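Given next are the chains, with one letter for each unit.
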Amino acid sequence: MSSNDIGDWYRSIPKITKWWFSGSVIIPIAAKLGLLNPMWLFLHYESLIYKFQFWRPLTAVLFYPTGFPYLINLYFLYSYSIRIETGIYDGKPAEYAFMWIFNWLALVIIGLVAEIYLLMDPMVLSVLYVWCQLNKDQIVQFWFGTQFKAMYLPWVLFAFNAIIGSGGLAQLLGIVVGHLYFFLMFKYPQDFGGATWLRVPAILYKWLPNRRGGVSGFGQAPASRRQDGNDNANGGRHAWGRGNQLGD
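Quick caveat: nothing in here was measured; it's all calculated off a predicted structure.

About the thresholds
- Residues numbered from 1 in each chain as written.
- Predicted model: local features only at pLDDT ≥ 70, side-chain atom pairs only at ≥ 80, totals over all residues.
- Heavy atoms only, no water.
- UniProt positions renumbered as here; feature names shortened; annotations may be inferred.
- Helix = DSSP H or I, 4+ residues; strand = E, 2+ residues; numbered from the N terminus.
- Core = buried A, V, L, I, M, F, W, Y, C linked by side-chain atoms within 4.5 Å.
- Buried < 20%, exposed > 50% of the residue type's maximum accessible area, 1.4 Å probe, protein only.
- Contact = heavy atoms within 4.5 Å.
- Bend = angle between axes of the 7 residues up to and from the residue.
- Phe/Tyr/Trp six-rings, centres within 6.5 Å; stacked < 30°, edge-to-face > 60°.
- Lys NZ or Arg CZ within 6 Å of the ring centre and 35° of its normal.
- Expected span 1.5 Å × (residues − 1).
- Arc of directions from axis to C-beta.

A word on the UniProt feature "transmembrane region" (unreviewed entry) in the protein chain. Residues annotated in UniProt with the feature "transmembrane region" (unreviewed entry) correspond here to residues 20-42, 54-76, 97-120 and 152-184. End C-alpha atoms of residues 54-76 are separated by 27 Å, and the span's content is 70% helix alongside 0% strand. Helix makes up 85% of residues 152-184 and strand 0%, and the two end C-alpha atoms of the span are 20 Å apart.

Structure follows, in structure tokens:
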């Protein structure tokens, strides 16, 4: 692969995914090379509050010790962040940035309370969970050729890490935060007729304006059950959306 091919690939990555992926590569590698002190990168309450080290909430979600689990995290980050950014948030970077910020802040609060120092695992799972809910009936492939509906993938990852990994707590927190966003943004206002609690701030639209002419894929917002009768009467059709198989 030539440098031009790498450049073309990198430029093709959607904006928010590019920023997230780049930070998740640069920070761990810089720490590995000794350019950054890892002790300054994890989430730590006293250092944040009393020493005013305000970068820690951000570096805690970008830093991860290099190794095979780190590479797996990068794979899921890249794959599912692209799928959701080119799917329901295609051409709407402000809305995806809002989801990212909401999940990140929720995990930072939980991390400070529960003394969880690294947040990459739950952050990746929170985004993956939202994609899986938007594509819940899509068949995905997992390791060893296993296949199942996307709605089960977060729980498979949780069980996998609970058995052979670090206990699965980080994955469980990612599921909880992802479900909180999905419920407040989609489920509660559409299926239960509740108020819309989450709204994208206007300043995000100013910084990240919508792009016209995007072609959506990899999932759509779930249709409201309360509107099914009217939709059918008007010939409308709603679906949870389609996704690609894991690894496609």
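From this point on, the discussion continues.
Before going further, it helps to examine the nonpolar core. Core analysis: the largest hydrophobic core is formed by 60 residues, its most contacted members being Trp20, Ile84 and Tyr181. Of all the secondary-structure elements, those providing two or more residues to this core are α2 (15-32), α4 (56-62), α5 (68-85), α6 (93-114), α7 (120-134), α8 (153-164) and α9 (169-191). If we skip the residues at most four places from it in the chain, Ile84 touches Tyr89, Tyr96, Met99, Val127, Val130, Trp131 and Leu134.

Before going further, it helps to spend a moment on α9. Roughly 50 degrees is the biggest bend found in α9, and it falls at Phe183. A positive backbone phi angle near 65 degrees is found at Gly193, which sits one or two residues after α9.

What follows deals with the packing of aromatic side chains. Within the structure shown, the criterion is met by 22 aromatic pairs. Ring centres of Trp40 and Trp55 lie 5.6 Å apart, and the angle between their planes is 5 degrees; this geometry places the pair in the stacked category. Placement of the pair is Trp40 in the loop between α2 and α3 (45-49) and Trp55 in the loop between α3 and α4, with a sequence separation of 15 residues. The residue whose ring lies beneath Arg83 is Tyr80, and the NZ or CZ to ring-centre distance is 4.9 Å. In this structure, Arg83 packs its charged tip against the face of Trp131, placed 5.6 Å from the ring centre.

For Phe52, which is not glycine, the phi torsion reads 60 degrees and is therefore positive. Positionally, Phe52 belongs in the loop between α3 and α4. What makes Phe52 exposed here is its relative accessible area of 53%. Of note, Glu115 is a non-glycine position whose phi angle comes to about 60 degrees, a positive value.

Quick look at α8 now. Counted at 1.5 Å a residue, the expected span for α8 with its twelve residues is 16 Å, and the 16 Å between its end C-alpha atoms agrees. Every buried residue of α8 is accounted for by Leu153, Pro154, Leu157 and Asn161. Each buried residue of α8 lies within a common arc of 105 degrees when the element is viewed along its axis, so the set occupies one face. In this structure, the buried residues of α8 make contact with α5, α7, β2 (147-149) and α9.

Attention shifts here to the environment of Leu118. Tracing the chain through its elements places Leu118 in the loop between α6 and α7. Exposure remark for Leu118: the relative accessible area of 27% places this residue in the partly exposed category. Ignoring any residue separated from it by four or fewer positions in sequence, one finds Leu118 in contact with Phe42, Ala60, Phe63 and Pro65.

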